[in-house]
Amino acid sequence: MEAARISLQGDRANNQDRCAIFNHGKSCLMVLADGLGGHPKGEVAAQIMLNVCEQLFSKTPKPISSPRFFFHHCVAHAHKLINQYGQAQRPSIAPRTTVVMALIQDGYCYWSYAGDSRFYLLRDNDIVLQSTDHSVPQRGVLGKENASNRALTRCVGGQRSAPMPSTEPPFPLQPNDLILLCSDGLWNQLPRQQLVETLWNVFPLKKALYMLGAAAENNAQSRSDNISALGVRIDISSCASAISVAEEGENELLSAIDHLNALIRQNIPETE
């Protein structure tokens, strides 16, 4: 499994993005957090989010039996710690961050997110899965919606209650699938087709990410946001479990059908 990451400051005063890939045996956790620039200490909120994911991942038995619960636990615990940090400052502040997470294990990808940092899964030179941003377009002076100016409806930290991250069903992986997590500094400053074609056709993956980062920064014309991305390219060994589980499930289903048919034959008298 090939993995790569980039995190560029762009034209901002500091980099509030944090991202990392954590491996434990055959389980891999990808995490990207983007601290909200409109609130103080977004970089601290993003770092807390990353630290919580790393700590809980290291302590949770692998393979993780309930990825959905794991994701929700990461968000809830990070939310609590971020708020505690903010309340301890003088004066108190409300740091906030987005988060997107992907867990690769047993040949499947599980993913969860809160905010507008995105998850993509590419297959055969196309995007087959993509997260849906927790954001809404803002209205301008004339009352018209501005698609380029969006307000988040969900993030970690800031509010009293922890957000409920969106968690999607597990997706069976195939060799050469490519998983990408990225901050809005990447996807919002690049054409979608350029993102897909570069990731699919440029090798190694690290080179592709740096090419995309440079292009996004250049497109922003000296107003670039922080740009961060994590990528993983799946190999055959990462898919073996999904194949065996699928075959096992199919065999169990066929056996159950045969058994049911046998019971039906036993209980229905033959007619002359």
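Residues numbered from 1 in each chain as written. Predicted model: local features only at pLDDT ≥ 70, side-chain atom pairs only at ≥ 80, totals over all residues. Heavy atoms only, no water.

Student: Explanation requested: the state of the cysteines in the structure shown.
Tutor: What we call a disulfide is simply a covalent bond connecting the sulfur atoms of a pair of cysteines. Applying the stated rule across the entire model yields 0 disulfides. Cysteine Cys74 shares no disulfide, and the gap to the nearest cysteine sulfur, in Cys53, comes to 4.1 Å. (Disulfide = S-S within 2.5 Å.)

Student: Explain the pattern of salt bridges here, please?
Tutor: Side-chain pairs of opposite charge can arise whenever the charged atoms involved come near each other. Enumeration over the complete set of coordinates arrives at 4 salt bridges. Of the charged contacts in the structure, one is a salt bridge between Arg233 and Glu2, with a shortest N-O distance of 3.1 Å. Of the two residues, Arg233 is situated in strand E12 (residues 227-233) and Glu2 in strand E1 (residues 2-8); the sequence distance between them amounts to 231 residues. Here Arg233 falls in the buried class, since its relative accessible area comes to 9%. Asp177 is the partner of Arg123 in a salt bridge, and the nearest nitrogen-oxygen pair spans 2.6 Å. In this pair, Arg123 sits in the loop between strand E6 (118-122) and strand E7 (127-130) while Asp177 sits in the loop between strand E10 (166-172) and strand E11 (178-182), placing the two residues 54 residues apart along the sequence. The exposure class assigned to Arg123 is buried, which follows from its relative accessible area of 16%. (Salt bridge = Lys/Arg side-chain N within 4 Å of Asp/Glu carboxyl O. Helix = DSSP H or I, 4+ residues; strand = E, 2+ residues; numbered from the N terminus. Buried < 20%, exposed > 50% of the residue type's maximum accessible area, 1.4 Å probe, protein only.)

Student: Sorry, what's going on with the sheet that holds strand E2 (residues 17-24) here?
Tutor: The strands making up a sheet associate through hydrogen bonds between their backbones, and the pairing can be parallel or antiparallel. Here 5 strands make up an open sheet; going across it, the order is E2-E3-E4-E5-E10 and the pairing antiparallel. Both outer strands of the open sheet, E2 and E10, are each paired with one neighbouring strand and no more. Neighbour to neighbour, the strand axes of the sheet diverge by 10° on average, direction disregarded. The sheet contact formed by strand E3 (residues 27-35) and strand E4 (residues 97-105) spans 8 bridges and is antiparallel. Looking at E4, one finds that Gly35 is bridged to Thr97. Packing against the sheet, helix H1 (residues 42-59) makes contact with E2, E3 and E4, and its axis sits at approximately 5° to E2. Against the sheet, helix H2 (residues 67-88) contacts E3, E4, strand E5 (108-114) and E10, and its axis sits at roughly 150° relative to E4. (Pairing = 2+ DSSP bridges. Axes fitted to C-alpha atoms, helices over the stretch in contact; angles between N-to-C directions. Contact = heavy atoms within 4.5 Å.)

Student: Got a minute to help me understand the nonpolar core in this structure?
Tutor: As a rule of thumb, soluble globular proteins bury nonpolar side chains together. Membership of the largest hydrophobic core comes to 28 residues, with the highest contact counts inside it found for Leu29, Val31, Met49, Phe70, Val99, Met101 and Val156. Looking at this core element by element, the count peaks at 9 residues for H1. Counting residues in hydrophobic clusters, the runner-up holds 22 residues, among them Ala4, Leu122, Leu199 and Leu209. (Core = buried A, V, L, I, M, F, W, Y, C linked by side-chain atoms within 4.5 Å.)

Student: Quick question: what am I supposed to make of helix H4 (residues 192-201) here?
Tutor: An α-helical turn contains 3.6 residues, so any two residues separated by three or four positions project in the same direction. Taken as a whole, H4 has its buried residues at Leu195, Val196, Thr198, Leu199 and Trp200. Looking at the packing, one finds that the buried side of H4 touches E6, E7, E11, helix H3 (184-187), helix H5 (205-219) and E12.

Student: Looking at this structure, how should I read the packing of aromatic side chains?
Tutor: The way to describe two aromatic rings as a pair is by their centre distance and the angle between their planes. Counted according to the given criterion, the structure contains 4 aromatic pairs. With centroids separated by 6.0 Å and ring planes inclined at 55°, the aromatic side chains of Phe70 and Phe71 adopt a geometry described as tilted. Overall, the relative accessible area of 4% leaves Phe70 in the buried class. We classify Phe71 as buried; its relative accessible area is 0%. Seen from their ring centres, Trp111 and Phe119 are 4.1 Å apart, and the 10° between their planes marks the pair as stacked. You can call Trp111 buried: its relative accessible area is 4%. Each member of the aromatic cluster is reached from another via a ring pair, and the members are Phe57, Phe70 and Phe71. (Phe/Tyr/Trp six-rings, centres within 6.5 Å; stacked < 30°, edge-to-face > 60°.)

Student: Explain the side chain of Ser117 here, please?
Tutor: Structurally, the position occupied by Ser117 is in the loop between E5 and E6. Every residue in contact with Ser117, bar those within four places of it in the chain, is listed here: Leu32, Asp34, Thr98, Val100, Ser131, Cys182 and Ser183.

Student: Honestly, unusual backbone geometry in this entry has me stumped. Any pointers?
Tutor: With the exception of glycine, most residues fall at negative phi, and the peptide bonds are largely trans. Note that the residue after Lys62, namely Pro63, is joined by a cis bond; omega there is -5°. One can find Pro63 in the loop between H1 and H2. Of note, the amide linkage connecting Arg90 to Pro91 takes the cis form, showing an omega dihedral of 0°. Even without a glycine there, the phi angle at Ser222 is positive, about 70°. Along the chain, Ser222 falls in the loop between H5 and E12.

Student: Quick question: what am I supposed to make of the side chain of Ser135 here?
Tutor: Mapped onto the elements, Ser135 comes out in strand E8 (residues 135-139). By relative accessible area, which is 10% here, Ser135 ends up buried. When sequence neighbours within four positions are dropped, the list of residues in contact with Ser135 reads Arg150, Ala151, Leu152 and Thr153.

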